[in-house]
Amino acid sequence: MIRAAKGGLFGWVLDGYVGWKFRSAFRGLWVRGQLPGGEGARLVYANHSNWWDGFVLHQVGQAAGWDTYCVMEERNLERYRFLSRLGAFSIRRGEAASSLETLRYARELLGRPSAAVCIFPEGELRPFGVLPLKLERGVELLARVEQVECVPLAIRYAFFEHERPDVLVEVGTPHGAGALACFQSELEGSVRRLSGVTGLEGFTRVVSGGLGVAERWDAVRGRAPSA
């Protein structure tokens, strides 16, 4: 397997580049709900609808003060190995030996202060809001082995009244280990709540992104930007 290799000069430069790239692509990252903090470890699981999802979790982790890691398909991480510098580590789906090795490594990571191991239990990209979700058992097994706090996150990319899209994150209710049906119910609940959102009321912006043409023009004319 490919292990995470966070840190070092290259890791620092890459971290800054990803932050700049994210801010360039989106108007902002908005969170509704309380992101757990403190030195305890946590297992974060989210829906997977977009290429950007891993980078969204990277930005969320920074905002929350987490030491963030993310499980990634090995063939993809082999291709983009630099992502290990951001905390990505690999799994080969469908191979029991690889799954066991990844499970052991994830357990090791969860022994670190403020660690957050992130997983996309759908295992592949699926359109946002299509229910029911089809989750694989890895998230259940990892939670049972380590007995850490589990945090569901729903991620949605939305255009409202602006040129650039906003990234919305709904934080579900943290819970303990349980059956796979528990994880599915919690994540689907977060996705449903986020699906009905038509504006940014109730959300807190944790990362500010780029302004569109209209917002720049308003700034020149001295008008206050809208939320």
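Keep in mind it's a predicted model, so treat the numbers as computed, not measured. (Residues numbered from 1 in each chain as written. Predicted model: local features only at pLDDT ≥ 70, side-chain atom pairs only at ≥ 80, totals over all residues. Heavy atoms only, no water.)

**Re unusual backbone geometry**
Trans peptide bonds make up most of the peptide bonds, and negative phi angles are found at most residues other than glycine.
Alright, step 1. The step from Leu131 to Pro132 runs through a cis peptide bond, and the omega angle for that step is 0°.
Alright, step 2. Its place among the elements puts Pro132 in the loop between β5 (115–119) and α5 (138–146).
Alright, step 3. In the Ramachandran plot, Ser114 falls in the positive-phi region, its phi being about 60° despite a non-glycine side chain.
Alright, step 4. Within the secondary structure layout, Ser114 lies in the loop between α4 (96–109) and β5.
Alright, step 5. Positive phi values are uncommon outside glycine, yet Gln147 reaches one of about 55°.
Alright, step 6. With respect to the helices, strands and loops of the structure, Gln147 is situated in the loop between α5 and β6 (149–158).
Alright, step 7. Look at Gln147 and you get exposed, because its relative accessible area is 57%. (Helix = DSSP H or I, 4+ residues; strand = E, 2+ residues; numbered from the N terminus. Buried < 20%, exposed > 50% of the residue type's maximum accessible area, 1.4 Å probe, protein only.)

**Concerning empty space enclosed by the protein**
Alright, step 1. By the definition in use, this model includes one cavity of 30 Å³ or more.
Alright, step 2. Empty space within the largest cavity amounts to approximately 40 Å³.
Alright, step 3. In terms of lining, the largest cavity is formed by Asn47, His48, Ser49, Glu122, Arg126, Pro127, Phe128, Gly129, Val130, Leu133 and Val191.
Alright, step 4. In terms of residue class, the lining of the largest cavity is made up of five nonpolar, four polar and two charged. (1 Å grid on protein atoms, 1.4 Å probe; cavity = no way out; pocket = protein on both sides within 12 Å on 5 of 7 lines; lining within 4 Å. Points joined across faces, edges and corners; volume = space filled by probe spheres on them. Nonpolar A, V, L, I, M, F, W, Y, C, P; charged D, E, K, R; others polar.)

**Quick notes on the layout of surface pockets**
Remark: the empty space left among the atoms is shown by a probe the size of a water molecule rolled over them.
Alright, step 1. There is about 1,300 Å³ of room inside the largest pocket.
Alright, step 2. Around the largest pocket, the lining is made up of 47 residues, and of these His48, Val71, Met72, Glu73 and Phe120 lie nearest the centre.
Alright, step 3. Those elements that provide at least two residues to the lining of the largest pocket are α1 (8–25), α2 (53–64), β3 (67–73), α3 (74–79), β4 (88–91), α4 and α5.
Alright, step 4. Top contributing element to the lining of the largest pocket by residue count: β3, with six residues.
Alright, step 5. Partitioned by chemical class, the residues of the lining of the largest pocket number 27 nonpolar, twelve polar and eight charged.

**A few points about α1**
Alright, step 1. End to end, α1 covers 26 Å across 18 residues, agreeing with the expected 26 Å (1.5 Å per residue, within 8%).
Alright, step 2. Buried-residue contacts for α1 involve β1 (28–32), α2, β7 (166–171) and β8 (204–208). (Expected span 1.5 Å × (residues − 1). Contact = heavy atoms within 4.5 Å.)

**Focus on the environment of Val117**
Alright, step 1. Position of Val117 among the secondary structure elements: in strand β5.
Alright, step 2. Val117 gets classed as buried once you look at its relative accessible area, which sits at 0%.
Alright, step 3. Between the C-alpha atom of Val117 and that of Asn76, which follows or precedes it by 41 residues, the distance is 18 Å.

**Brief notes about the packing of aromatic side chains**
Any aromatic ring pair is given by two values, namely how distant the centres are and how the planes are angled relative to each other.
Alright, step 1. The tally for this structure, following the rule as stated, stands at eleven aromatic pairs.
Alright, step 2. Ring geometry for Phe26 versus Trp52: centroids 5.0 Å apart, planes at 75°, classification edge-to-face. On the criterion of sequence distance, the pair formed by Phe26 in the loop between α1 and β1 and Trp52 in the loop between β2 (42–46) and α2 is long-range, its members being 26 residues apart.
Alright, step 3. Overall, Trp52 belongs to the buried group, its relative accessible area being 15%.
Alright, step 4. When the centroid spacing of 5.8 Å and the interplanar angle of 65° are considered together, the rings of Trp52 and Phe55 count as edge-to-face. (Phe/Tyr/Trp six-rings, centres within 6.5 Å; stacked < 30°, edge-to-face > 60°.)

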